[in-house]
Amino acid sequence: MNDWPEQPEGARPMRHVQRRPQSPQYQQGYEQGQAYNPNFTQAQVQGYDSGYSSGQVYGGAPQGGGPGGPSGPGGYGARPSGPAPDWRKRIKIGAIVLAVGTLVWGVGTYAWASSQMRNEVDLSKVIERPAEGDCTTYLIVGSDSREGMTAEEKKKLHTGSAEGKRTDSMMILAACSSGNTMISLPRDSWVTIPSFVGSESGKTYPARGGAKLNAAYAMDGPELLVRTVEFNTGLRIDHYAEIGFAGFANIVDALGGVELNIEQGFKDKKSGADFQAGTQTLDGEQALAFVRTRYAFAQSDLQRTKNQQKFLSALANQAATPGTILNPFRLYPTLGAGLDTLIVDKDMSLWDLGQMFFAMKGISGGDGKSMNMPLAGSAPQNSLKWDMPKVKQLVEQIRNDQKVTVEADR
């Protein structure tokens, strides 16, 4: 059965369409593979090439330079007109932009870091000061301050909970063109505490003969310590820098630890030290134990000063490197960890602080020497007496920027 609908009534059959006679132009073009367009002139028809006879793929780019062609205006394969790019100029502009960006970053970092420094020590309060020398001298102090530390941190770092702060280490760093020298001052050195003007009270106090060096700090802080060192050595101190337990440990951790070669292993319950011999990377807790240990050694405080010098040189060597200075992910944490706990004199700039670190780095690299203050034996109260003839010779060499030839028992 046929399901198609019947032809509607009135429908008409489709008329037969007759093909139009082919013109000579069309026939000629057809034979050549050309399309017919009645609007083309004979010349246009003869000049048109469809590309079929030459074996081109349909849809390929048209040949020639007409509109829409590869070199014509608006063509899909067209290249922009004009001269070739000046790459030298582009590189020059890029270099200028990079230099300006680096400068802005550097200035911003310097300004931020300077604002973090604690310029609290007023050396103008120190009286009867020696004449200035040719070298720049720093008094570097490690205090046992527990400022800002929690009970858990005190326990972890084995610092105890004593109130106030005392000097845990002291050393003079002389930055000279003839070579840098780091001189440790044993805190049990037997010295004279000279007359001084109280940094807070403004009162004048008489001299006190025969006392341990660290007593000066306990009596009137950094200003009296500087006054005492200057009085007993005759060497003018240009800058003062002090850091507590927490700041020291935080700087080491911010650097990712400090690599150190420990020649002989040792243990000490009081400081928490437990080291094997060999090269190893110390974190903040281990570093603090290393520089504080004294009871594990026969030379006690003298051996501790050697360890302090050794570690500070290694610390400076690692901190003052392009890997730290040029890497913001290491520079900012390091500066942030140390600057807010570092107490310096009012005239000390970030530049001076950098010079101090580079001077310490130079010593670890062989550009200078490290030594203890020359000693001449023991004194009352288990203290140490300085060898004053050698001390005077040492100070004279530093003051005149001469190579240090004085030797001290290590």
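The structure under discussion appears in the preceding block.
Residues numbered from 1 in each chain as written. Predicted model: local features only at pLDDT ≥ 70, side-chain atom pairs only at ≥ 80, totals over all residues. Heavy atoms only, no water.

**Points about helix 12 (residues 388–399)**
Phase 1: For helix 12, with twelve residues, the first-to-last C-alpha span of 16 Å sits near the 16 Å given by 1.5 Å per residue.
Phase 2: By the burial criterion, the buried members of helix 12 are Val-391, Leu-394, Val-395, Gln-397 and Ile-398. Buried residues of helix 12, seen end-on, are gathered within an arc of 160° and therefore sit on one face of the element. Exposed and oriented more than 90 degrees from the buried face of helix 12 are Pro-389 and Lys-392.
Phase 3: Turning to helix 12, the residues buried within the fold contact strand 2 (136–143), strand 3 (167–175), strand 4 (180–184), helix 5 (213–233), strand 15 (368–372) and strand 17 (383–386). (Helix = DSSP H or I, 4+ residues; strand = E, 2+ residues; numbered from the N terminus. Expected span 1.5 Å × (residues − 1). Buried < 20%, exposed > 50% of the residue type's maximum accessible area, 1.4 Å probe, protein only. Arc of directions from axis to C-beta. Contact = heavy atoms within 4.5 Å.)

**So, the nonpolar core**
Phase 1: Core analysis: the biggest nonpolar cluster contains 45 residues, and Leu-173, Phe-290, Phe-311 and Met-356 have the highest contact counts within it.
Phase 2: Ala-211, Ala-216, Met-373 and Val-391 belong to the second largest nonpolar core, which has 38 residues in total. (Core = buried A, V, L, I, M, F, W, Y, C linked by side-chain atoms within 4.5 Å.)

**A few points about helix 5**
Phase 1: Its 21 residues place the ends of helix 5 only 12 Å apart at the C-alpha level, less than the 30 Å of an ideal helix rising 1.5 Å per residue.
Phase 2: Taken as a whole, helix 5 carries its principal kink of about 140° at Asp-220; the proline Pro-222 stands between one and four residues after it.
Phase 3: For helix 5, the tally of buried residues reaches 18 of 21 residues, placing the bulk of the element in the interior.
Phase 4: Phi turns positive, to about 80°, at Gly-234, one or two residues after helix 5. (Bend = angle between axes of the 7 residues up to and from the residue.)

**A word on the environment of Ser-271**
Phase 1: One can find Ser-271 in the loop between strand 11 (266–268) and strand 12 (273–275).
Phase 2: Sequence spacing of Ser-271 and Ala-296 is 25 residues, and the spatial spacing of their C-alpha atoms is 9.7 Å.
Phase 3: Within the structure, the side chain of Ser-271 is placed 3.3 Å from the backbone nitrogen of Ala-273, a separation counted as a polar contact.
Phase 4: Only 2.7 Å separates the side chain of Ser-271 from the side chain of Thr-293, close enough to count as a polar contact. (Polar contact = N/O pair within 3.5 Å; in protein donor to acceptor, adjacent residues only side chain to side chain.)

**A look at the sheet that holds strand 15**
Phase 1: Pairing is mixed in the open sheet, where seven strands are placed in the order 1-14-9-2-3-4-15. Edge strands, defined here as strands with exactly one partner in the open sheet, are strand 1 (118–121) and strand 15. Pairwise comparison of adjacent strand axes, ignoring direction, gives a mean angle of 25° for this sheet.
Phase 2: For strand 4 and strand 15, the ladder comprises five bridges, and the chain directions are parallel. Within strand 15, the residue paired with Thr-181 across the bridge is Lys-369.
Phase 3: Contacts between helix 8 (residues 301–319) and the sheet are confined to strand 3, strand 4 and strand 15, with strand 3 contributing the most and set at about 55° to the helix. (Pairing = 2+ DSSP bridges. Axes fitted to C-alpha atoms, helices over the stretch in contact; angles between N-to-C directions.)

**Notes on unusual backbone geometry**
Phase 1: Notably, Ser-300 is not glycine yet its phi reads approximately 50°, a positive angle.
Phase 2: Residue placement: Ser-300 occurs in the loop between helix 7 (284–292) and helix 8.
Phase 3: For Gln-381, which is not glycine, the phi dihedral falls at a positive 60°.
Phase 4: With respect to the helices and strands, Gln-381 occurs in the loop between strand 16 (375–379) and strand 17.
Phase 5: Residue Gln-381 is classed as exposed on the basis of its relative accessible area, which comes to 56%.

**Remarks on the pairing of strand 17**
Phase 1: The sheet contact formed by strand 16 and strand 17 spans three bridges and is antiparallel. Residue pairing across strands places Ser-378 opposite Leu-384, the latter belonging to strand 17.
Phase 2: Counting the residues in the hairpin turn of strand 16 and strand 17 gives three residues, including Gln-381, whose phi is positive at 60°.

**Here we look at the packing of aromatic side chains**
Phase 1: Applying the stated criterion to the full structure yields seven aromatic pairs.
Phase 2: Seen in terms of ring centroids, Phe-196 and Tyr-205 are 4.9 Å apart; in terms of plane orientation they differ by 15°. Their pairing is stacked.
Phase 3: On the basis of relative accessibility, which here comes to 6%, the residue Phe-196 falls in the buried class.
Phase 4: Taken together, a centroid distance of 4.9 Å and an interplanar angle of 65° make the contact between Phe-266 and Phe-297 edge-to-face. With a gap of 31 residues between them, Phe-266 in strand 11 and Phe-297 in the loop between helix 7 and helix 8 connect regions that are remote in the sequence. As far as the burial class goes, Phe-266 and Phe-297 line up, both buried.
Phase 5: An aromatic cluster of three or more residues is present, and its members are Phe-248, Phe-266, Phe-275, Phe-290, Phe-297 and Phe-311.
Phase 6: Here the guanidinium or amino end of Lys-270 rests over the ring plane of Tyr-295, the centre of that ring lying 4.4 Å away.
Phase 7: A cation sits over an aromatic face here: Arg-294 above Tyr-295, 5.5 Å from the ring centre. (Phe/Tyr/Trp six-rings, centres within 6.5 Å; stacked < 30°, edge-to-face > 60°. Lys NZ or Arg CZ within 6 Å of the ring centre and 35° of its normal.)

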